[in-house]
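Okay, here's what each chain looks like letter by letter:
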Amino acid sequence: MNKKDMDTILQKAEVLIEALPYIQNFNRKIIVVKYGGSAMSDDALQKNVIKDVTLLKLVGFKPIIVHGGGSEISSLAKKMGKEAQFVNGLRVTDAETMEIAEMALSKVNKRLVTMVQELGVKAVGISGKDGGLLRVEKKYADGRDIGFVGDVKEVVPKILYDLLEDDFLPIVAPVGLNDQFDAYNINADDAACAIARAVHAEKLAFLTDIEGLYRDMADKSSFISRLTASDADALIAQGLIGGGMLPKLQNCTAAIRDGVNRVHILDGRIPHCLLLEIFTNEGIGTAIIRDGES
Ligand code: ADP
Ligand code: MG
């Protein structure tokens, strides 16, 4: 073997050694991965994300995937002759739209289940209806009734513990039931955060379609690689955070304040962003940390 080949092989070994303390730290710990609608569009990218989560499972972590599906819901609704309507970033969801949403989400859910199983890991796809996982109450947008859109009011995580205990990778669609057992659509960020808090996850990672958080979206040099929960509150209060990043960041601060140890916003478009974040010393994406943590 020549020196160059030998160096390449040694580099690979170094990468594995660098990963060792992280594998030890996270062994048997729960990681909730929110896989966003926007970063799910590309098939090849989806495969990479699923490969990463599957690898986490195989090295001894306990990942749970919570997925979105906004764009799938919109395109299925369009096919059925319904135009999507939003108030404050929340989808106006009448009974028919709710039915369409469940169809679209269940299709996404089973596609992810299939991808994981193709890689030799057992997966089970559920929605928040199953096992009474997600109980919701109606959410209002500035006092306006926007239909079947719910806030999570209670999480009953038993079904997740049971699946993890049996070595399944749970994949959750963001739908829940209210007290009258009507189905409600839930923002997937809200669902992921509620689940992470309920199972005392070690880590909550939001995979989205942007590098992370910007102070000013128009200025790429304003990227924020780490900030405390209070810094995040201040940015939100100054009105600097818009669109889908607003519920995401609010959920990040809620999770970190409620005992989730590590909360990250990662760019789901970067191949293997999850592995890079977890197994290497490189900082990637935006980390939300506790006040006073350095
Ligand atoms: P996901 O499907 O992953 O939930 P969203 O579209 O809901 O993604 O949220 C991410 C989007 O939030 C970004 O693509 C970006 O356009 C928008 N956004 C608004 N303000 C900011 C900000 N200050 N920093 C980063 N992204 C922002
Ligand atoms: Mg979103």
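Q: What is the right way to look at the pairing of strand β1 (residues 30-35) in this model?
A: With respect to burial, β1 is a largely interior element, 6 of its 6 residues being buried. Every second residue of β1 is oriented toward a common face, with Ile30, Val32 and Lys34 on one face and Ile31, Val33 and Tyr35 on the other, all of them buried. Strand direction decides the pairing type here: β1 and strand β2 (residues 62-67), joined by 6 bridges, are parallel. Note on β2: the bridge partner recorded for Val32 is Ile64. Note: β1 against strand β11 (residues 203-208), 5 bridges, orientation parallel. In the sheet register, Lys34 faces β11, and the bridge partner there is Phe206.

Q: Honestly, the pattern of salt bridges in this entry has me stumped. Any pointers?
A: Oppositely charged side chains can pair when the atoms bearing their charge come close. The full count for this structure, using the stated rule, is 20 salt bridges. Between Lys57 and Asp167 there is a salt bridge whose closest N-O contact spans 3.7 Å. Of this pair, Lys57 sits in helix α2 (residues 43-58) while Asp167 sits in the loop between α5 (158-165) and β8 (169-173); the two residues are 110 residues apart in sequence, bridging distant segments of the chain. According to the relative accessible area criterion, Lys57 is buried, its value standing at 9%. Judged by its relative accessible area of 46%, Asp167 is partly exposed. Several salt bridges share partner residues, and in doing so they unite Lys34, Asp189 and Lys248 into one network.

Q: Is there a simple way to explain unusual backbone geometry in this structure?
A: The bulk of non-glycine residues show a negative phi, and the bulk of peptide bonds are trans. The phi dihedral of Asp167 is positive, around 75°, even though this residue is not glycine. A positive phi angle is found at His200, which is not glycine, with a value near 50°. With relative accessibility at 62%, the residue His200 sits in the exposed group.

Q: Could you clarify how one ought to interpret the side chain of His67 in this entry?
A: Relative to the helices and strands, His67 is located in strand β2. Residue classification places His67 among the buried residues on the basis of a relative accessible area of 0%. Separated by 3.0 Å, the side chains of His67 and Asn109 make a polar contact. Other than its neighbours up to four places away in sequence, His67 contacts Tyr35, Leu105, Val108, Asn109, Leu112, Ile171, Val172, Ala173, Pro174 and Ala188.

Definitions and cut-offs
- Residues numbered from 1 in each chain as written.
- Chains lettered and ligands numbered in written order.
- Predicted model: local features only at pLDDT ≥ 70, side-chain atom pairs only at ≥ 80, totals over all residues.
- Heavy atoms only, no water.
- Buried < 20%, exposed > 50% of the residue type's maximum accessible area, 1.4 Å probe, protein only.
- Helix = DSSP H or I, 4+ residues; strand = E, 2+ residues; numbered from the N terminus.
- Pairing = 2+ DSSP bridges.
- Salt bridge = Lys/Arg side-chain N within 4 Å of Asp/Glu carboxyl O.
- Polar contact = N/O pair within 3.5 Å; in protein donor to acceptor, adjacent residues only side chain to side chain.
- Contact = heavy atoms within 4.5 Å.

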